[in-house]
Amino acid sequence: QTQLVESGGGLVQPGGSLRLSCAASGFTLEYLAVGWFRQAPGKEQEGVSCLGSYRNDQFYAEFVKDRFTMGRDSANNSAYLQMNGLTPEDTGLYICSAASDCGAIASGSRRIGVWGEGTLVTVSS
């Protein structure tokens, strides 16, 4: 079965850190682009970041630059999103997606690539 499963969400205080994981099964993630989206309560989904399979194919939204970093864990067929300096505005459901490249992921369309169900991040004191 082809699927992505996110983990690592939870409750964290402002200024804290979390590391989200996006684990793939049924296919190899290493040669695909992986993207993260988030959806805050009452708001539309927005793109957070993307890491492609070749150099220079990557994207970070302006609101997470210098705070969030993506990477791969090829041994575990997964990718991660390291989030530092979290603020209450970062609260939301974080969803990962995999597709051929970041351009394909950027559309945000559920009809493109493989999508997970999300992991909830709550930033609150």
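Please refer to the structure placed before this passage.
Keep in mind that this is a model prediction, so the values were computed, not measured.

S.K.: Requested: an account of unusual backbone geometry, with residues and values cited.
M.R.: Although it is not a glycine, D66 sits at a positive phi angle of roughly 75°. Even without being a glycine, N77 presents a positive backbone phi close to 50°. Along the chain, the position of N77 falls in the loop between β7 (68–73) and β8 (78–83).

S.K.: Just give me the short version of the sheet that holds strand β1 (residues 3–7), but keep the residues and values in it.
M.R.: One open sheet holds the four strands; their spatial order is β1-β3-β8-β7, and the pairing between them is antiparallel. A single partner strand is all that each edge strand has here, and the edge strands are β1 and β7. Sheet twist, expressed as the mean angle between neighbouring strand axes with direction ignored, is 20°. Here strand β3 (residues 18–25) pairs with β8 via six bridges, running antiparallel. Bridging across to β8, S21 finds its partner in Y80.

S.K.: Give a detailed account of the pairing of β8, specifying residues and quantitative values.
M.R.: Burial of β8 is extensive: five of the six residues sit out of reach of the surface. Where β7 meets β8, six bridges bridge the pair, whose relative direction is antiparallel. Its bridge partner lying in β8, D73 is registered against S78. Hairpin connection of β7 to β8: four residues between the antiparallel strands, including N77 at a positive phi of 50°.

Basis of the calculations
Residues numbered from 1 in each chain as written. Predicted model: local features only at pLDDT ≥ 70, side-chain atom pairs only at ≥ 80, totals over all residues. Heavy atoms only, no water. Helix = DSSP H or I, 4+ residues; strand = E, 2+ residues; numbered from the N terminus. Pairing = 2+ DSSP bridges. Axes fitted to C-alpha atoms, helices over the stretch in contact; angles between N-to-C directions. Buried < 20%, exposed > 50% of the residue type's maximum accessible area, 1.4 Å probe, protein only.

Limitation: the analysis is restricted to geometry and does not speak to function.
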